[in-house]
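Below are the chains, spelled out letter by letter.
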Amino acid sequence: FSPPSLRTNMAMASTAAMLVGGANQVGLLERINASPETLCANGEGSSEWKNEFGYLSPITGKSYDGSCSFFGGAPPLPEGLGWFLILGVGAGFAVITSVMVYFANTKSSAEEKDYNNSEHFSTAGRSIPAFLTAADVVSKWTWAATLLQSSNVAYTYGISGPFWYASGATIQILLFAVLAIEIKLKCPAIHTMLEVILARWGTKAHMVFLFFGLLTNLIVTSMLILGGAATVEALTGVPWAASSFLIPIGVVFYTAFGGLHGTYYASWTHTCIIYVALIIFIWTVYASSPELGSTAKVFANLNVAALKNPVEGNDADGSYLTMASGGGLMFGLMNIVGNFGTVFVDQSYWQGAIACRPNATYKGYMLGGMSWFAIPFSMATTLGLAGRALDLPITSSEAGAGLVPPAVATHLLGTGGSFLVALQLFLAVTSTANSEQLAVSSLFCYDVYKRYVNPDASGATLIFVSRCGILGWGIISGVASIVLNYLGISLGWMYMAMGILIGSAVAPIVMSLLWKGCTPNGAMGGAVGGLVCAIISWVVSAAGISGVVTVATLGGNWPLLIGNLFALITSPILAYCISAAEGFQDYEWKKMKQETGGYIVEADKMARLNPTGGDDSIAAMKVQLRRTWIVGGVMTIVLIVIWPLLTLPADPFTESYFTFWVALAFIWAHFAAFTTIVGPVLEYMEVYPFYNPTPDYEPSAKSNVSAAPAPANADGFYMPQPMMSMPMQQSMPMPMQMSSSMPMQQMSMPMQSM
């Protein structure tokens, strides 16, 4: 499979070994295997690097030979196009999303419009259908890293990289579906995850997990903007500091206008473009490119790439076509343990679960998780492997910055390819940023302002506070990304380290809904103690391995893996031990439903399960819960155990096996595109079986007429006293209450008796 120039170089290395000894052989092989920047002649702008296939640059029309890097320090797109992308495209999508929200509101009654009803503003009326839920899951889980770093690990480790990136971050969505259904069964009236913590463990725990929740949103948002701004600068030359502020600020307008409904519509529009671009890249690399254009050609070129730049730690002599990859496996482990925190501790995922219609929860999260799998898996199997198959002069620094996809797209499609990647990236960043903005504003609104500042706040006041929170977080997130950049912290470093900082909160949050024995001190001790253990293990392992603690040594594979494991494992151990020492808590789940029922501010019929039966009833949700445990558990085992084991006999892949692998990525991408693009449209058009009519039953009562008792709280946290004890409400025969002119009191009676 090797061309003459490579075979000649390898023969020269062997001859040198025989004539002048091993030292010269190592030196010559280092020159052959080096990346372009290491071969540059004292900064003169040229090197001894050569493209093994003779491919030419589509930008200059000249050979890549002698290049020191792919982009050569100059962006492939004009700066004006970058400003258009940030300002023009951002404004265009803001208008489109706002118009979609407006027309959606025309189908709602006056009291249910997003700008009139705080429940609809923050929870979308708890009635989002399954396929739109799937599109939202894909949107908020598609970060800059999903598009950029997944291709980087493919470029670095070969076919194992895309698989471990996709599987290692899909199982969290599948398992979170269990919590999503438990929310519907145990606390359907909540607005945030911290309301569960408050009802279960009181104010002290509420404050502790408020810290973890805000820290998670800060890390996720700043990392999104950090990666997006860096790539926009590399592709267009727009200063990264300007992008850091303009990207989140542009999202503020439609998020503040449309609330959670606005984020769902934005998620759908952005997801459409992302999948369309993905499918274009797949067809280009494996079907229409004159240089590649088939799996056979890509397979042959990857074998050449393995001779020129073998992957250290990969079996089959450093092949890119093997799942037996030490580096790929370690990345997969870090990916698995690190991503639990960014799902289970992120309010945006809880907000999505709260907004989802009960009978759509199971389908929405299962479809969303499996559809998202296609983005890193198919994208990196396409662009990441193509970077090696084309033998482009991509430097290690360019790859580390996530520039493999734009480099490949530029080579294959010219400046149009660069713009397509930039657009794809911009929409991925903004679609997640709007969810994070609304998530933080909900935490601030319900868990800070309404809890500790103004417990009697009206719905209109809460909408105003939420909009202020959205604007404030847009500014703060831009500042945070700039700070990270000045500290020298890259997208890849932050992505792998985030599990150390927030992973210890995962187990206690899961226990809040799944284990009645965890005590308040056990939950707080597990979260805080796990964080301390994770940081200590991280720093000590970096010092022990490298002898010094710096940003670079903390970013090593082993310190990151050790820190992530300590965060995830020590937390449940501490929570259990502390709870056992205190005699465990015998919590009654019906108490949580009663207490969280008191958090409703305005009437919302979907804030409880259907009392008359049907798909949204308690019995139906229990069936969905069993299905979710089975399907989510089986798919988790398949993705991280069975599938990888089944690939090991193919070491390395044969051409036919590689063709099957690519066909799987091809089919998966098209299935995911149909699910998230066409599915929501058919739901909106009320096409069976995609659409299920919303059940018609009485709305839940407002908080001031709730049957919920105030949470028992030793710290004296204020909750409105239940009106149930008032004689006027208990007296059924009173004519005023039975009058048809007062439906709210009449409707609240059945709920109060429950």
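Source: prediction; values computed, not measured.

A. Geometry of the pattern of salt bridges. A complete count under the given rule lists eight salt bridges for this structure. For the salt bridge of E52 with K308, the shortest nitrogen-to-oxygen distance reads 3.7 Å. Of this pair, E52 sits in the loop between helix 2 (22-33) and helix 3 (79-105) while K308 sits in helix 11 (residues 295-308), placing them 256 residues apart in sequence. Across this residue pair, the class does not change: E52 and K308 are buried. Across the salt bridge formed by E182 and K186, the nearest N and O atoms sit 3.2 Å from each other. Taken together, the residues E182 and K186, both in helix 7 (residues 160-186) and four residues apart, mark about one turn of the helix. Across the pair, exposure class does not vary: E182 and K186 are buried alike. Residues joined in a network through salt bridges with shared partners are E52, K308 and D391.

B. Focus on a nonpolar patch on the surface. A surface patch of nonpolar side chains, about 490 Å² in accessible area, is lined by F245, L471, I475, V479, V483 and L487. The greatest single-element share of the nonpolar patch, amounting to four residues, is contributed by helix 19 (residues 459-486). Within the secondary structure layout, F245 lies in helix 10 (residues 240-288). Taking the relative accessible area as the measure of exposure, F245 reaches 31% and is therefore partly exposed.

C. Geometry of the nonpolar core. The biggest cluster of nonpolar side chains holds 171 residues, and the ones touching the most others in it are F176, F209, W350 and F658. Ranked by residue count, the leading element in this core is helix 7, at 16 residues. In this structure, F209 is in contact with L194, I197, A505, P508, I509, A523, M524 and A527, ignoring residues within four places of it in sequence. A124, L260, Y264 and I463 belong to the second largest nonpolar core, which has 12 residues in total.

D. A look at unusual backbone geometry. For the bond from D651 to P652, the omega torsion is 0°, close enough to zero to count as cis. Looking at where P652 falls in the secondary structure, it is placed in the loop between helix 26 (618-647) and helix 27 (655-684). In this structure, R126 takes a positive phi of about 50° despite not being glycine. With respect to the helices, strands and loops of the structure, R126 is situated in the loop between helix 4 (118-123) and helix 5 (130-141). In this structure, F584 takes a positive phi of about 60° despite not being glycine. Mapping F584 onto the fold places it in the loop between helix 24 (557-581) and helix 25 (589-597).

About the criteria used
Residues numbered from 1 in each chain as written. Predicted model: local features only at pLDDT ≥ 70, side-chain atom pairs only at ≥ 80, totals over all residues. Heavy atoms only, no water. Salt bridge = Lys/Arg side-chain N within 4 Å of Asp/Glu carboxyl O. Helix = DSSP H or I, 4+ residues; strand = E, 2+ residues; numbered from the N terminus. Buried < 20%, exposed > 50% of the residue type's maximum accessible area, 1.4 Å probe, protein only. Patch = residues over 30% accessible without salt bridge, like charges linked within 9 Å, V, L, I, M, F, W, Y side chains within 5 Å. Areas by Shrake-Rupley, 256 points an atom, 1.4 Å probe, with all protein chains shown as cover. Core = buried A, V, L, I, M, F, W, Y, C linked by side-chain atoms within 4.5 Å. Contact = heavy atoms within 4.5 Å.

Remember, this is a structural readout, not a statement about activity or role.
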